[in-house]
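Now for the letters of each chain:
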Amino acid sequence: MSSTKTIGIIGGGQLGQMMAISAIYMGHKVITLDPASDCPSSRVSEVIAAPYDDVDALRQLADRCDVLTYEFENVDADGLDAVIKDGQLPQGTELLRISQNRIFEKDFLSNKAQVTVAPYKVVTSSLDLEDIDLSKNYVLKTATGGYDGHGQKVITSAEDLEEANALANSAECVLEEFVNFDLEISVIVSGNGKDVTVFPVQENIHRNNILSKTIVPARISDRLADRAKAIAVKIAEQLNLSGTLCVEMFATADDIIVNEIAPRPHNSGHYSIEACDFSQFDTHILGVLGAPLPAINLHEPAVMLNILGQHVEAAERYVTENPSAHLHMYGKLEAKHNRKMGHVTLFSNEPDNVVEFGKGIDF
Ligand code: AMP
């Protein structure tokens with residue numbers, strides 16, 4: 001059997017592109033399905049240009065590839081089930097269904113994986129908000145379709161209820177208690193269906209609900225870091241994980257609370273390309289191919305800064321002044337406001353001195 005595989009990637013954004021780069025240097029061939037023929041992956045792979053729910057295009061991809069994977073969780077799970085052959089999608093569609101719906105996700109995390117999540121309840125209409133105890137704060141989130149803080153309402157007083165009621169009447173939701181966290185952290189874990197390997201704990205700083213800066217290792221105690229990694233491993237083992245998964249969590253003074261999971265490489269793991277001996281994309285490819293997984297070492301403390309559309313010029317100036325910073329640009333044609341255009345990774349022991357692009361000017 002040839003060790004060279006053809007890997008089909010659903011989604012040709014920056015995550016698909018960086019997966020493809022890892023696959024290519026390992027000798028594999030990549031075909032990408034994306035609605036845009038000039039997507040970031042088009043720089044490194046053949047593209048089948050079709051909508052994600054185009055079953056004929058999915059079938060063409062499945063027929064031409066040994067293994068399929070996806071770069072984002074909102075893939076049509078039913079469409080995929082209709083075309084994939086046994087074992088062709090090692091990540092499976094169950095994980096997609098869990099991460100597409102916060103109700104399934106919370107149920108999986110708290111009841112199956114048995115990790116700590118914020119106290120929550122399912123809300124099917126505004127009637128479910130009538131008796132909430134307003135001495136506490138909450139976040140109401142739509143069960144499906146939300147991202148980067150969209151489809152969410154923070155409730156801190158009775159005044160917030162009007163908007164929250166409207167949200168609750170528009171879609172099924174989850175009401176979570178607000179966590180007074182010290183830090184937002186995440187852990188990348190990869191599996192090959194049998195074993196898992198785990199990355200260092202990442203500290204994440206968001207601006208306007210968009211990741212802006214990741215600091216590795218996260219500035220938490222060794223005890224909490226070990227706990228965060230153990231939680232990620234527990235979730236991965238419960239899933240018999242294949243490929244890379246990101247577990248987003250809150251760190252409080254003495255506890256770790258899981259917020260959500262993303263069944264794919266994640267923005268907060270991009271630093272691993274230079275700062276670890278294998279990247280989250282390498283282990284994703286190894287994992288979906290069922291290959292043995294390496295232990296992960298962090299070479300040196302690192303910082304990753306996102307480059308949004310409004311930061312491109314500042315980032316270009318930055319790397320001319322800091323040539324040891326690693327610049328990644330994804331090849332997106334239009335630099336729209338808040339669109340992720342690239343990132344920079346640099347090694348630093350003084351993360352507070354690494355200033356985010358546009359800080360205080362353009363967020
Ligand atoms: P999410 O879409 O669940 O990742 O939420 C987006 C952001 O909202 C998170 O990165 C947090 O900053 C914040 N957030 C979400 N859920 C909670 C919570 N239960 N308590 C406090 N902050 C939250």
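See the structure above.
Numbering of residues begins from 1 in every chain and follows the order in which that chain's sequence is written. Only residues with pLDDT of at least 70 get local features here, since the model is predicted, and only at 80 or more are side-chain atom pairs given and counted; chain-wide, interface and lining totals rely on the full set of residues. Side-chain measures here rest on the full set of heavy atoms in the structure, leaving out hydrogens and waters.

## Some thoughts on the sheet that holds strand S3 (residues 46–49)
Next up, step 1: Whether two strands pair depends on DSSP finding at least two bridges between them. A helix here means a DSSP run of H or I that spans at least four residues, while a strand means a run of E at least two residues long, and both kinds are numbered starting from the N terminus. Strands sit in the order S3-S2-S1-S4 across an open sheet of 4 strands; the sheet is parallel. Sheet topology places S3 and strand S4 (67–70) at the edges, where each strand pairs with a single neighbour. Averaged over all neighbouring strand pairs, the angle between strand axes comes to 25°, with direction disregarded.
Next up, step 2: Across 4 bridges, strand S2 (residues 29–34) lies against S3 in parallel orientation. Among the inter-strand pairings, Thr32 is bridged to a residue of S3, identified as Val47.
Next up, step 3: Note on contacts: a residue pair is in contact if any heavy atoms of the two residues lie within 4.5 Å. Note on definitions: angles span 0 to 180 degrees between N-to-C directions of axes, and those axes are lines fitted to C-alpha atoms, for helices only across the stretch in contact. Sheet strands in contact with helix H1 (residues 14–25) are strand S1 (6–10), S2 and S4, and its direction is about 175° off that of S1.

## Some details on empty space enclosed by the protein
Next up, step 1: Think of a 1 Å grid over the protein atoms and nothing else: a 1.4 Å probe that fits but is trapped marks a cavity, an open set flanked by protein within 12 Å on at least five of seven lines marks a pocket, and residues with an atom within 4 Å of a point count as lining. Grid points are joined across faces, edges and corners, and a volume is the space filled by probe spheres set on the points. Tallied over the full model, the rule gives 1 cavity of 30 Å³ or more.
Next up, step 2: Space inside the largest cavity adds up to approximately 30 Å³.
Next up, step 3: Along its surface, the largest cavity is lined by Glu184, Ile185, Asn204, His206, Glu248, Met249, Phe250 and Asn259.
Next up, step 4: Looking at the lining of the largest cavity, the elements with two or more residues in it are strand S9 (183–192), strand S11 (202–207) and strand S13 (242–251).
Next up, step 5: It is S13 that provides the largest number of residues to the lining of the largest cavity, a total of 3 residues.
Next up, step 6: The class makeup of the residues in the lining of the largest cavity is 3 nonpolar, 3 polar and 2 charged. The classification used treats Ala, Val, Leu, Ile, Met, Phe, Trp, Tyr, Cys and Pro as nonpolar, Asp, Glu, Lys and Arg as charged, and all other residues, Gly among them, as polar.

## Description of the side chain of Thr214
Next up, step 1: Assignment of secondary structure puts Thr214 in strand S12 (residues 210–216).
Next up, step 2: Two N or O atoms count as a polar contact when they lie within 3.5 Å, although within protein this holds only if one can serve as hydrogen donor and the other as acceptor, and sequence-adjacent residues are included solely when both atoms are side-chain atoms. Within the structure, the side chain of Thr214 is placed 3.1 Å from the side chain of Asn204, a separation counted as a polar contact.
Next up, step 3: If we skip the residues at most four places from it in the chain, Thr214 touches Gln202, Glu203, Asn204, Ser268, Ala302, Val303 and Met304.

## A look at the nonpolar core
Next up, step 1: Core analysis: the biggest nonpolar cluster contains 50 residues, and Ile10, Ile185, Ile235 and Met249 have the highest contact counts within it.
Next up, step 2: A domain assignment, automatic or from a database, supplies the domain bounds used here. Shared between two domains, this core takes at least three residues from each, and those domains are domain 1 (6–89) and domain 3 (183–353).
Next up, step 3: When neighbours within four sequence positions are excluded, Ile185 is seen to be in contact with Val201, Gln202, Glu203, Asn204, Ala218, Ile220, Ala228, Val247, Glu248, Met249, Ala251 and Ile256.
Next up, step 4: Formed by 13 residues, the second largest nonpolar core is a distinct cluster that contains Val319, Met341, Val344 and Phe357. We define the nonpolar core as a collection of buried residues of types Ala, Val, Leu, Ile, Met, Phe, Trp, Tyr and Cys that are connected through side-chain atoms lying within 4.5 Å of one another. Buried means the residue's accessible area, taken with a 1.4 Å probe over protein chains only, is under 20% of the maximum for its type, while exposed means over 50%, and partly exposed covers the values in between.

## As for H1
Next up, step 1: The span expected for a helix works out to 1.5 Å for each residue beyond the first. Here H1 spans 17 Å end to end across 12 residues, near enough to the 16 Å set by a 1.5 Å rise per residue.
Next up, step 2: Most of H1 is tucked away: 9 of the 12 residues are buried.
Next up, step 3: Those residues of H1 that sit buried are Gln14, Leu15, Gly16, Gln17, Met18, Met19, Ala20, Ser22 and Ala23.
Next up, step 4: Against the buried residues of H1 lie S1, S2, S4, helix H8 (272–275), helix H9 (280–288) and strand S17 (340–347).
Next up, step 5: Positive phi shows up at Gly27, right after H1, with a value of about 100°.

## Digging into the pattern of salt bridges
Next up, step 1: By definition here, a salt bridge exists when the distance from a side-chain nitrogen of Lys or Arg to a carboxyl oxygen of Asp or Glu is within 4 Å. Considering all chains together, one arrives at 18 salt bridges under this definition.
Next up, step 2: Linking Asp131 and Lys121 is a salt bridge whose minimum nitrogen-to-oxygen distance equals 3.7 Å. Note that Asp131 is positioned in the loop between strand S5 (120–123) and strand S6 (138–142) and Lys121 in strand S5, a separation of 10 residues in sequence.
Next up, step 3: The closest approach of N and O atoms between Glu356 and Arg207, which form a salt bridge, is 2.8 Å. Taken together, the residues span a long stretch of sequence, with Glu356 in the segment after S17 and Arg207 in strand S11 at a distance of 149 residues.
Next up, step 4: Overlapping salt bridges, with partners in common, bring together Lys29, Glu46 and Arg64 in one network.

## Things to note about the side chain of Arg102
Next up, step 1: Note on placement: Arg102 falls in helix H5 (residues 102–112).
Next up, step 2: Judged by its relative accessible area of 10%, Arg102 falls in the buried class.
Next up, step 3: Within the structure, the side chain of Arg102 is placed 3.0 Å from the side chain of Glu260, a separation counted as a polar contact.

## Notes on helix H7 (residues 222–239)
Next up, step 1: With 18 residues, H7 extends 26 Å between its outermost C-alpha atoms, agreeing within 8% with the 26 Å of an ideal straight helix rising 1.5 Å per residue.
Next up, step 2: Buried within H7 we find Leu224, Ala225, Ala228, Ile231, Ala232, Val233, Ile235, Ala236 and Leu239.
Next up, step 3: Its buried side turned inward, H7 meets helix H4 (94–100), H5, S9, strand S10 (196–198), S13 and strand S14 (256–262).
Next up, step 4: Asn240 occupies a position one or two residues after H7 and carries a positive phi of about 45°.

## A look at the packing of H5 against H7
Next up, step 1: The interhelical angle for the contact between H5 and H7, taken along N-to-C directions, is 105°, at an axis separation of 11 Å. Put simply, H5 runs roughly perpendicular to H7. The segment H5 lies against H7, with Phe108, Leu109 and Lys112 engaging Ile235, Gln238 and Leu239. If an angle is under 35 degrees, it is roughly parallel; if it is over 145, roughly antiparallel; if it lies from 65 to 115, roughly perpendicular; otherwise it is oblique.

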